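Per-entry structural report
The lines below spell out each chain.
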Amino acid sequence: MNSFNTTGILYIIPTPIGNLSDITYRAVETLKNVNLIAAENIYHTNILLQHYNVKNILISLNKNNEKKQSHYVIKKLKEGKKIGLVSDAGTPVINDPGYFLVKQCRSLNIKIIPLPGPCAAITALSASGISTNRFCYEGFLPSKKKVRCDLLKSLKKETRTIIFYESKHRILQSIKDIIEKIDENRYLVIAREITKKWEYIYGAKANEMLFWLKEDKNHCNKGEIVIIIDGFKELKNKDVSEKAISTLKILRNVLSLKQSVLITSKIHEIKKNNLYQYAIKKEDK
Ligand code: SAM
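Residues numbered from 1 in each chain as written. Predicted model: local features only at pLDDT ≥ 70, side-chain atom pairs only at ≥ 80, totals over all residues. Heavy atoms only, no water.

1. A few points about the sheet that holds strand 6 (residues 135-140)
If you walk across this open sheet you meet the five strands as 6-7-10-8-9, and the pairing is mixed. Either end of the sheet is taken by a strand with one partner, and the two such strands are strand 6 and strand 9 (200-205). The average undirected angle you get between the axes of adjacent strands in this sheet is 20°. On top of the sheet, helix 5 (residues 120-128) reaches strand 6, strand 7 (161-167), strand 8 (187-192), strand 9 and strand 10 (224-229); it is set at about 50° to strand 10, its chief contact. Sheet contacts for helix 8 (residues 206-215): strand 8 and strand 9; angle to strand 9, the most-contacted strand, approximately 130°. (Pairing = 2+ DSSP bridges. Helix = DSSP H or I, 4+ residues; strand = E, 2+ residues; numbered from the N terminus. Axes fitted to C-alpha atoms, helices over the stretch in contact; angles between N-to-C directions. Contact = heavy atoms within 4.5 Å.)

Below, the structure is given as C-alpha cells:
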C-alpha cells in the first residue's frame, strides 16, 4: 500500500435531506474549519453555508468531473489540507459523487473521517415498520424497463428488507412492475419528501398501493421517494396461501384430489405434501 506522510484529512459531511435544521453541530463546525469544501453543486451548498453563516472556499465535485476534481483534492490532501466532501443532500457517496475520491484516499492511506448524519434510505427505513434486522439497499431502480424488471425478478425471493430510491415520474410504473415481478400482495412502504412539507409515509400491499397512488394525484405528483419492500417470507410448512386454496377449489370441481393437488402445488410453488394434507383435512370436514 502506498502511504503518504500527510496530515491531510478528508471529511465526509452529510447535509440535510430537506429540512435545513437537520445537520449536526459537528458538521457545521467542520464546514467552517476545513480548508476547502468539495461540493456536488456549489449553488446548492452555498444556500446551506449562508444559512449557517459558514464562509469557506467551494469547489465542484460532481458526477461529470469526479475523476479530475478528485485528483485535485488528493493533491491538496497530500499537501496536508483538510477537505470536506458534501453532496446536494444526505450522505455523500451514497448514490452521490465521492466514491472515486474515497477509494483513492483509502488506497493512498489518506485519513478519512466520516461524520454521521442524514440519509434518506435509513431515515425512511426507521419509520417503515418493516423489519430493520437485515436489509439491502439497491439505490435507484433502473430506468430501463427490462433491466428494472429483471432486477425485481431476481429479488422476488430476497428475504431481507429491500430499499430503493425512486422519482415521482416513475413511481406508478415501478409499483406496477413490483406487482408483476415480485408479488401483488407484498407489503411495501413509500416514504416521500421526508422532512419536507409534502412528507408522507404510507404502507400497503403492492396492489393496494397502486390503487392508492392513482386515487389522488397528490399522492404521486411531487417529490423524492424511498420505497421499502418487505422481504420474502417462506410459507411455513403447514401454511397454504389463499390463492392456492382458490386454485385448488376450482380444479377440484373437475379433477381428482391427486391431480388438483399436483397442479396447484406446481402453479403456486408449494410443497405437494403440505397441500395434500390441507386438502384431505378440508374434504374430511
Ligand atoms: N445521498 C443521499 C442520501 O444519503 O440519501 C441520496 C442521494 S440520491 C441522488 C437522491 C434520492 O434520495 C432521491 O431521488 C430520493 O429517492 C432519495 N431522497 C433524498 N431525499 C429524500 C427525501 N427528503 N425524502 C425521500 N426520499 C429522498
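2. Details of the sheet that holds strand 5 (residues 111-114)
Strand order across the open sheet formed by five strands is 3-2-4-1-5, with parallel pairing between neighbours. Strands with a single pairing partner mark the edges of an open sheet, and in this sheet they are strand 3 (58-60) and strand 5. Pairwise comparison of adjacent strand axes, ignoring direction, gives a mean angle of 25° for this sheet. The pairing of strand 2 (residues 36-39) with strand 4 (residues 82-86) spans four bridges and is classified as parallel. Bridge pairing in strand 4 places Leu36 opposite Ile83. Across the face of the sheet, helix 4 (residues 99-107) comes into contact with strand 1 (9-12), strand 4 and strand 5 while running at roughly 145° to strand 1.

3. Thoughts on the pairing of strand 6
Sheet topology note: the strand 6/strand 7 ladder contains four bridges and is parallel. Residue pairing for strand 7: Phe140 is matched across the bridge by Tyr165. As for the winding sense of the linkage, the β-α-β connection from strand 6 through helix 6 (residues 145-154) to strand 7 is right-handed. (Right-handed = clockwise from strand over helix to strand, strands pointing away.)

4. Some remarks on the domain arrangement of the chain
Examined at the domain level, the chain breaks down into domain 1 (9-118), domain 2 (121-229) and domain 3 (242-284). The centre of domain 2, based on its C-alpha atoms, is set 33 Å off from the matching centre of domain 3. (Domains from an automatic or database assignment.)

5. Things to note about the environment of Asn95
Residue position: Asn95 is located in the loop between strand 4 and helix 4. A residue is classified by how much of its surface remains accessible, and Asn95, at 38% relative accessible area, is partly exposed. If we skip the residues at most four places from it in the chain, Asn95 touches Tyr137, Gly139, Phe140 and Tyr165. Here Tyr137 takes part through its side chain, which lies 2.4 Å from a polar atom of the side chain of Asn95. (Buried < 20%, exposed > 50% of the residue type's maximum accessible area, 1.4 Å probe, protein only. Polar contact = N/O pair within 3.5 Å; in protein donor to acceptor, adjacent residues only side chain to side chain.)

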